[in-house]
Amino acid sequence: MLAERLLTRIVKTVAKSQLRLDPTDETSMPPADPDRKYMLYLHVPFCQVLCPYCSFNRYPFKAEIAGPYFESMRKEMMMLKDLGYDFESLYFGGGTPTIMMDELCETIDLAKDNFSIREVAVETNPNHLTPEYLEQMKGRIQRLSVGVQSFDNDLLKQMDRYRKYGSGEEIFERIGEAAPYFDSLNVDMIFNFPSQTEDILYADLEKIAACGARQTTFSPLYVSNGTMANMTAKLGAMDYDREYRYYRIIDGVLAQGDDALFDRSTLWTFTRKNDPIPKLPGVGLIEDQIDEFQTNYVDYPAIGSGSITHLGSNLYVNTFSISEYNDRIASGAMSIMGKTELPKRDLMRYRFLLDLYKLRLDKREFREVFGCSVERGLPAEMAFMRLNGAFETDNAEELTLTERGRYLVVVMYRQFLSGMNNLREQARNALDGEERILLFGDENFVPLETPDNL
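Residues numbered from 1 in each chain as written. Predicted model: local features only at pLDDT ≥ 70, side-chain atom pairs only at ≥ 80, totals over all residues. Heavy atoms only, no water.

**Q** Sorry, what's going on with the overall build of the protein chain here?
**A** Within the protein chain, the regular secondary structure consists of 19 helices and 18 strands. Taken across its 454 residues, the protein chain has 59% of its residues classed as buried. Here the protein chain has roughly 18400 Å² of accessible surface; of this, 47% comes from carbon and sulfur atoms. (Helix = DSSP H or I, 4+ residues; strand = E, 2+ residues; numbered from the N terminus. Buried < 20%, exposed > 50% of the residue type's maximum accessible area, 1.4 Å probe, protein only. Areas by Shrake-Rupley, 256 points an atom, 1.4 Å probe, with all protein chains shown as cover.)

**Q** Teacher, can you tell me more about the environment of leucine 342 here?
**A** For leucine 342, the location among the structural elements is in the loop between strand 15 (336-341) and helix 13 (344-357). Leucine 342 gets classed as buried once you look at its relative accessible area, which sits at 10%. Separated by 30 residues in the primary sequence, leucine 342 and glycine 312 have C-alpha atoms spaced 8.9 Å apart.

**Q** How should I be thinking about the side chain of serine 307 in this particular structure?
**A** Mapped onto the secondary structure, serine 307 falls in the loop between strand 12 (302-303) and strand 13 (308-311). For serine 307, the side chain forms a polar contact with the main-chain oxygen of isoleucine 303, separated by 3.4 Å. If near-sequence neighbours (up to four positions away) are discounted, serine 307 is found in contact with Tyr41, His43, Ala302, Tyr316, Val317 and Asn318. (Polar contact = N/O pair within 3.5 Å; in protein donor to acceptor, adjacent residues only side chain to side chain. Contact = heavy atoms within 4.5 Å.)

**Q** Which parts of the structure should I look at to understand unusual backbone geometry?
**A** With an omega dihedral of 15°, the bond running from glycine 94 to glycine 95 counts as a cis peptide bond. Along the chain, the position of glycine 95 falls in the loop between strand 5 (87-94) and helix 3 (101-114). A positive phi angle, near 75°, is found at asparagine 192, a position not held by glycine. Relative to the helices and strands, asparagine 192 resides in the loop between strand 8 (184-191) and helix 8 (198-211). The exposure class of asparagine 192 is buried, given its relative accessible area of 0%. In the Ramachandran plot, leucine 359 falls in the positive-phi region, its phi being about 85° despite a non-glycine side chain.

**Q** Would you take a moment to explain helix 10 (residues 243-255) for this structure?
**A** Because each turn of an α-helix spans 3.6 residues, side chains separated by three or four positions end up pointing in the same direction. Look at helix 10: 18 Å from first C-alpha to last across 13 residues, which is about the 18 Å you get at 1.5 Å a residue. Considered for burial, the residues of helix 10 that qualify are Glu243, Tyr244, Tyr246, Tyr247, Ile249, Ile250, Asp251, Leu254 and Ala255. Looking one or two residues beyond helix 10, the residue adopting positive phi is glycine 257, at roughly 95°. (Expected span 1.5 Å × (residues − 1).)

**Q** Just to check I follow, could you spell out the packing of helix 2 (residues 63-82) against helix 3 for this structure?
**A** Two quantities define a packed helix pair, namely the angle between the axes and the distance from one axis to the other. At their nearest, the axes of helix 2 and helix 3 sit 10 Å apart, and the two run at 10° to each other. One way to sum up the angle between helix 2 and helix 3 is to call them roughly parallel. Only Glu103, Leu104, Glu106, Thr107, Leu110, Ala111 and Asn114 of helix 3 make contact with helix 2, whose side of the interface consists of Gly67, Phe70, Arg74, Met77, Met78 and Lys81. A class-by-class count of the residues in the contact of helix 2 with helix 3 yields six nonpolar, three polar and four charged. (Axes fitted to C-alpha atoms, helices over the stretch in contact; angles between N-to-C directions. Parallel < 35°, antiparallel > 145°, perpendicular 65-115°, else oblique. Nonpolar A, V, L, I, M, F, W, Y, C, P; charged D, E, K, R; others polar.)

What follows is the structure, given as structure tokens:
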């Protein structure tokens, strides 16, 4: 698909030029805007298994390191309270936030005692869907997202997930047992693994339909420069030529036809039309939310090592070093190591991308935010999308997408996330000593261009 290849190159070039870390001596986030509602993202970087394709900040789990880290993160959270922030939502990402359940619960409880928390969303892995863990999560966590990636045992073994997280059959059973404990349980899947066949994809879709989860995300595989070599060695070379075909299969099975079981919530998030699992006492269905925090809040502070904050026109990146993170927090400073300031045009591009990812761009709202129409602000982007038949609705009020348009935005969003991964690699480049060896070893570390004084 020529348009996809051209779009991939364009977004990759733009992301490379704009998503670059600049050093900063700032030691604190800016004060809160009292008129804005905020979500807080908390990053827990510890995992039992380091997946070969993952570019988020993650470390092999050690209790003696993770315990003090949670304590530092709670201190950083209270620093935000001193800056006037109040939060209605928490999102714990990782890594594996449930890696130390007692520490996670203490963090959630502290947040609920100090902020106006309405809901808590947490990512986890299938081995934590056990009665002991579920009982502690019930009532504390409203939305749980389980990283499954695939139910295929051969793929799970290639990803080093089979031994630690269980077989596809075991994971399927655990999801059904866990679903009643939460307002919404999401199963996080990935498509277009190099060794994934259409038969494997169809089998995964059948299990999603039958497992009882309220939501599922099927994101395309994307990597960064720093993880490409390791991913290729374990899973094989990427093949983007079949990505469109696989995406059409997913969308067709889940959301097309009169008897479709799911509705599209975003381009790759699907919500079940009728939840088949009765909830436990005290658990009830919430309004339709999406288990991707960027879609619910444009601006959000983020805490923890390796987290990325988006406030206004700025991205702030926290240090990827656990030891440096703890030292910074202990000294009373936040752990910001770098900053990227986005010009107005890139903010318009981000809003354009995010709104279309959510399936609809409100043209009037765009004009209110940026002071110009989307046609005037982004003439090249609009011309490209119109030329390629991307818009099903294109009038004075809104933009919606055709099937072809949905895939073009999938490509843009995939490349944007890949660019964010490369931003993380720039921050990870600053690691040295034991932490660098722990994550990469000599054979896996691929250095990127980084500002000299970062």
